[in-house]
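So you can see what is in the structure, the chains are spelled out below.
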Amino acid sequence: MADTAITTEQLTKMYGRSRGLAGLDLDVRPGEVYGFLGPNGAGKSTTIRLLLDLIRPTSGRASVLGTDPRKGGAALRRRIGYLAGDFLVDGRQTGHELLTYLGNLRGGVPNGRIDALASRLDLDLSRRIKSLSKGNRQKVGVVQAFMHSPELLILDEPTSGLDPFLQQEFVAMVREAKAAGQTVFMSSHVMSEVQQTADRVGIIREGRLVTVEQVEELRERAVRHVEIHFESPVDVAEFAGLPGVSDLRVDGALLRCRLSGRADALIKAAAAHTVVSLLSEEPDLEELFFGFYLTEEVGHVAA
Amino acid sequence: MLLRNVFTKSLWDARRSLLGWTLAIVAVGAMYAAFWPSMQSPEMAKAMEAYPRGVLEALNYDDLTTAAGYLGGSVYGLLVPLLVAVFTIGAGTRAVAGDEEAGTLDLVLAHPVSRTQLALQRFAGLVVSVAAVALGLWLVMLALTGPVGFDGVTAGEFAAANLQLAAFGICFGALAFAVGAATGRKGLTLGLSAGIAVLAYLANGVIPMADGLEWTRSLSPFHWYLGGDPLSRGLDAGGTLLLLGVAAALVAIGTVVFERRDVAV
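Quantities reported herein were computed from a predicted structural model and do not represent experimental measurements.

S.K.: When you look at the overall build of chain B in this model, what are you seeing that I'm missing?
M.R.: The secondary structure content of chain B amounts to 14 helices and zero strands. In chain B, the succession of α and β elements from N to C terminus is α-α-α-α-α-α-α-α-α-α-α-α-α-α. The C-alpha atoms of chain B give 20 Å as radius of gyration, which agrees with the globular expectation for 265 residues (18 Å, within 12%). For chain B, the spread of C-alpha atoms along the three principal axes comes to 65 × 45 × 30 Å. Taking all 265 residues of chain B together, 46% fall into the buried category. Considering only intrachain contacts with a sequence separation of at least 6, the fraction spanning at least 24 residues in chain B is 76%.

Here's what the structure looks like:
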């Protein structure tokens, strides 16, 4: 096995004069689940299409499973499973037809593997793909990416369109892949999608890698919007200055604030009163990116 | 099993359109061929004489007094080759550009298939499809030989004409395939290929009527296809090789460019 599953060095892709990717340095280790996070248009799909040799870099290098994607060709792609967020196929065929064909292109997949995955995802393979809902179509994509148990899974916004139950099933499949020693490279613009499975997260913004972090660290830094309804009005002073709390507003019995890092101090302060309800919104990824962006700017000024 | 590889899958995907086109082309050919007995009546001969020579030539009706001349003009000269060209230009466009614009090419190319393999196997599917159409037309012409009577056009001469028809179709299929593989743009591919087909048609029958433009005929695939008069003189090896040679060159260029360029999203 290669030392790294995916490496890129100053990988750059220009589309005419507009930038797709501006010097990306990536390092994905074998056997890890790597979340590739960024807002829409940041260059996630461009990166993935470069790794699959669907497009060619303007400059820089990429290495996938120890091979240049351009030179690795078909032999390299045999070891990869790929799923795009908008899984597009000719809708006139049935799921079974398509998966048999794709399996044959891979030199066949183990007997019963396709049916087992389909029944696990509750997918009817006998129906024409155009008659399937967006979610069910995406399941066909999940099956084709996983069916040959590839060394490396490259998943581009994989759970778009899947309902919450299936997202959980998908998370389980990613964990099993990791347990089996497979490497997973997964892009997303939704934090929650990657934080359940990823070991590390790389954040990309405007074609550049902004930071790489352990998921745990990222979660501690993430900013949440918190809303607490108390039974009776509370005093602002009790909550002002708590660690991690900012933008604090108290309106009678309703408290609103932004919370970064651990929730402990806020919860303990709130526990002194009767809490009717507590709402903690998903960490906002855009804000997270903005946070990194600001940090960078400040850094430049300081230097 | 037709889901085995890119080649067989392309035939499987084209099964309905192939059946439709074969039936349509064979039906048109059979209909025109069935008119042959009535073309021999004195009234009809007189009616045709009334047409200016140039109009008849433009329509490939050079000689209406023999079965070979009539069939060469009506069946093999106009509607059938135009239908075959439309069919193969459509198929050639779908092979790469259509798939690419639909966004469905990425998935197959993410599999262990090289772009060259994909392109060549799909083109092979096109060749087999055209061959099926030509074979169908040949069989129907043979079947009509008994009841209609094409005085003296042999099975071998019909075979030559249909073989050259297939080569003609492959040539235009290769053109659309090459433009599509090189650019990935469906509209451009269809437009350019159809434009060239129309020019080629005009260069064979209409443009050469102008003084000093006789030479344009030798550049037209329509001329390479029918200029050697296969229905009365048998296989025209030169014309057929020219059609297939141009097709091979186009396929090679298209595939090489496709191998090197970015695949569009």
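S.K.: What is the right way to look at the packing of helix α7 (residues 75-101) of chain B against helix α11 (residues 186-205) of chain B in this model?
M.R.: Helices that pack against each other are described as a pair by the angle of their axes relative to one another and the distance between those axes. All names here are of chain B. In the contact formed by α7 and α11, the axes pass within 9 Å of each other and the chain directions differ by 160 degrees. One way to sum up the angle between α7 and α11 is to call them roughly antiparallel. Where α7 crosses over α11, the handedness of that crossing is right-handed. The segment α7 lies against α11, with A85, I89, T93, A97, G98 and E101 engaging K186, T189, L190, S193, A194 and A197.

S.K.: Please explain the nonpolar core as it appears in this structure.
M.R.: The tendency in soluble globular proteins is for nonpolar side chains to be buried as a group. Grouped together as the largest cluster of nonpolar side chains are 141 residues, with contacts concentrated most on V143(A), I154(A), F185(A), L71(B) and F177(B). Here this core gets 18 residues from one element, more than from any other, and that element is helix α10 (residues 155-183) of chain B. Discounting chain neighbours no more than four positions away, the residues touching L71(B) are A33(B), Y76(B), F150(B), V153(B) and L231(B). With eight residues, the next largest nonpolar core counts V226(A), I228(A), V245(A) and L255(A) among its residues.

S.K.: What exactly am I supposed to notice about helix α4 (residues 113-120) of chain A here?
M.R.: Two residues of an α-helix separated by three or four positions point the same way, owing to the 3.6 residues in each turn. All names here are of chain A. Every buried residue belonging to α4 is among I114, L117 and A118, and all of these are buried. The arc that holds every buried residue of α4, seen down its axis, measures 100 degrees, which confines them to one face. Packing partners of the buried residues in α4 comprise α3 (95-105) and α5 (134-146).

S.K.: Even after reading the chapter, I still don't get the sheet that holds strand β2 (residues 18-28) of chain A, so can you show me in this structure?
M.R.: Sheet strands line up and pair through hydrogen bonds in the backbone, either parallel or antiparallel. All names here are of chain A. Strand order in the open sheet made by the three strands is β2-β1-β4, with antiparallel pairing throughout. Looking at the sheet topology across the chains shown, the edges are occupied by β2 and β4 (59-64). Recorded for the sheet is a direction-independent mean angle of 25 degrees between the axes of neighbouring strands. The pairing of strand β1 (residues 6-15) with β2 spans eight bridges and is antiparallel. Opposite Y15, over in β2, you have S18 as the bridge partner.

S.K.: Explain the confidence of the model for chain B here, please?
M.R.: As a note on interpretation, predicted positions should not be read in detail where pLDDT is low. Residues and elements named next belong to chain B. When pLDDT is averaged across chain B, the result is 91; 98% of the residues are at 70 or more. Within chain B, helix α14 (residues 237-260) carries the highest mean pLDDT (97), whereas helix α5 (residues 53-58) carries the lowest (72). Interface confidence for the predicted complex, expressed as ipTM, amounts to 0.88; the pTM equals 0.87.

S.K.: Sorry, what's going on with unusual backbone geometry here?
M.R.: Excluding glycine, a negative phi dihedral is what most residues carry, and trans is how most peptide bonds are arranged. Of note, S149(A) is a non-glycine position whose phi angle comes to about 45 degrees, a positive value. Here D229(B), not a glycine, exhibits a phi torsion of approximately 55 degrees, which is positive. Secondary-structure assignment places D229(B) in the loop between α12 (221-226) and α13 (230-233).

S.K.: Please clarify how the environment of D122(A) should be interpreted in this entry.
M.R.: Along the chain, D122(A) falls in the loop between α4 and α5. Taking C-alpha positions, D122(A) is 33 Å from L50(A), a pair spaced 72 residues apart along the chain.

S.K.: Looking at this structure, I do not really get the sheet that holds strand β10 (residues 223-230) of chain A. What am I missing?
M.R.: Residue and element names in this part refer to chain A. With respect to topology, four strands assemble into an open sheet ordered β11-β12-β10-β13, the strand pairing being antiparallel. Only two strands of the sheet have a single neighbouring strand rather than two, namely β11 (245-251) and β13 (275-280). For this sheet, the mean inter-axis angle between neighbouring strands, taken without regard to orientation, is 15 degrees. Sheet topology note: the β11/strand β12 (residues 254-260) ladder contains five bridges and is antiparallel. Following the sheet pairing, V245 is matched in β12 by L259.

The rules behind these values
- Residues numbered from 1 in each chain as written.
- Chains lettered and ligands numbered in written order.
- Predicted model: local features only at pLDDT ≥ 70, side-chain atom pairs only at ≥ 80, totals over all residues.
- Helix = DSSP H or I, 4+ residues; strand = E, 2+ residues; numbered from the N terminus.
- Rg over C-alpha atoms; globule rule 2.2 N^0.38 Å.
- Buried ≥ 20, exposed ≤ 12 C-beta atoms within 10 Å, placed from the backbone.
- Contact = placed C-beta atoms within 7 Å.
- Axes fitted to C-alpha atoms, helices over the stretch in contact; angles between N-to-C directions.
- Parallel < 35°, antiparallel > 145°, perpendicular 65-115°, else oblique.
- Left-handed = near helix turned anticlockwise from the far one by under 90°.
- Core = buried A, V, L, I, M, F, W, Y, C linked by C-beta atoms within 7 Å.
- Arc of directions from axis to C-beta.
- Pairing = 2+ DSSP bridges.
- pLDDT = per-residue confidence, 0-100.

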